[in-house]
Amino acid sequence: MAYEIKDGIFKQICKRARLDPRTDYALFIDEINRGNVAGVFGELISLIEDDKRAGAVNSLSAILPYSRESFSVPANLYLIGTMNSADRSVEALDTALRRRFSFVEMPPLPGKLEDVEGVELSRLLESINKRLEALRDRDHRIGHAYLMGIGSLVALRAAFTDRIIPLLQEYFYGDWAKIAMVLGRRSFATRSSVGTSWPAGFEGDGEAAAAESWAIIDSELWDAAAFASIYG
């Protein structure tokens, strides 16, 4: 956190935690896997270990580059980093960072979702995620946040049109056959009946090389029965 230390933020948090040892403090680092470890922690990477904290058996301190003050990390300060395990950058997460943190999986929680006009959102999300786990892996499951706060079919259609379907397109690189396997062939996607004309002499080659063509069904036709068909 060299940048944070320069502005005094991390230093202030540590100082306050030291002055109030009976209270636990936490510093959250969003998408920690996208950061540069040297830029985020710098020389403090060793100080955040449990046995290197202030008062610990192997306590260490460092001299801050700007104030030249002695600096240590108190035991009552927790560092919490978040990351999306489907993000490819997780694979490149620094080994030094990995061994200094405990990893806790935060799976989708369908039970937090409420029914919307007869559509059981919890079952809908469970069905989608089981298929995604089978076709991709468990890291590509969709979180319940995508469907939180939805109170109408209009909002549900918008969530699918603007968020869920684009995410599935990214997961399957626009392979609508796979997307149809996740959402259903009849209600959300259908094989395209539009043919392709090929140059003279290449008709057979073109048909053999062409990928299966699919089309998305008009979202206005997605009624409660269409969404229920995902899990029904």
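Anyway, here's the lowdown on the structure attached to this text. As the structure is a computational prediction, the values presented were derived from the model and not from experiment.

With that settled, consider the overall build of the protein chain. In terms of helices and strands, the protein chain carries nine helices and six strands. Residue burial in the protein chain is summarised as follows: out of 232 residues, 35% are buried. In the protein chain, the share of contacts with a sequence separation of at least 24, taken over all contacts with a separation of at least 6, comes to 63%.

Side chains of Phe 28, Tyr 78 and Ile 80 sit close together on the surface and give an oily, nonpolar patch of about 320 Å² of accessible area. Inspection of the secondary structure assignment puts Phe 28 in strand E1 (residues 25-29). Note on Phe 28: relative accessible area 58%, which makes it exposed.

Bringing the nonpolar core into the picture now. Formed by 33 residues in total, the largest nonpolar core has its most connected members in Leu 147, Phe 160, Leu 168 and Leu 183. The set of elements that each furnish at least two residues to this core consists of helix H5 (121-135), helix H6 (153-171), helix H7 (176-183) and helix H9 (224-231). Per element, the largest residue contribution to this core is nine residues, and it comes from H6. Ignoring any residue separated from it by four or fewer positions in sequence, one finds Leu 183 in contact with Ile 128, Phe 160, Ile 165, Leu 168, Phe 188 and Ile 230. Counting 20 residues, the second largest nonpolar core, distinct from the first, contains Ile 29, Ile 32, Leu 47 and Ile 48.

The description of two aromatic rings rests on the distance between their centres and on the angle between their planes. The final tally for this structure, using the stated rule, is five aromatic pairs. Taken together, a centroid distance of 5.8 Å and an interplanar angle of 25° make the contact between Phe 160 and Phe 188 stacked. Taken together, the residues Phe 160 in helix H6 and Phe 188 in the loop between H7 and strand E5 (189-191) connect sequence positions 28 residues apart. Considered together, Phe 160 and Phe 188 belong to a single accessibility category, that of buried residues. Here Phe 160 and Phe 227 contribute two aromatic rings whose centre-to-centre distance is 5.0 Å and whose plane-to-plane angle is 70°, an arrangement assigned as edge-to-face. On the criterion of sequence distance, the pair formed by Phe 160 in helix H6 and Phe 227 in helix H9 is long-range, its members being 67 residues apart. Residues Phe 160 and Phe 227 agree in their burial class; the two are buried. An aromatic cluster is defined as three or more aromatic residues linked by ring pairs; in this entry it consists of Phe 160, Phe 188, Trp 222 and Phe 227.

Criteria and cut-off values
Residues numbered from 1 in each chain as written. Predicted model: local features only at pLDDT ≥ 70, side-chain atom pairs only at ≥ 80, totals over all residues. Heavy atoms only, no water. Helix = DSSP H or I, 4+ residues; strand = E, 2+ residues; numbered from the N terminus. Buried < 20%, exposed > 50% of the residue type's maximum accessible area, 1.4 Å probe, protein only. Contact = heavy atoms within 4.5 Å. Patch = residues over 30% accessible without salt bridge, like charges linked within 9 Å, V, L, I, M, F, W, Y side chains within 5 Å. Areas by Shrake-Rupley, 256 points an atom, 1.4 Å probe, with all protein chains shown as cover. Salt bridge = Lys/Arg side-chain N within 4 Å of Asp/Glu carboxyl O. Core = buried A, V, L, I, M, F, W, Y, C linked by side-chain atoms within 4.5 Å. Phe/Tyr/Trp six-rings, centres within 6.5 Å; stacked < 30°, edge-to-face > 60°.

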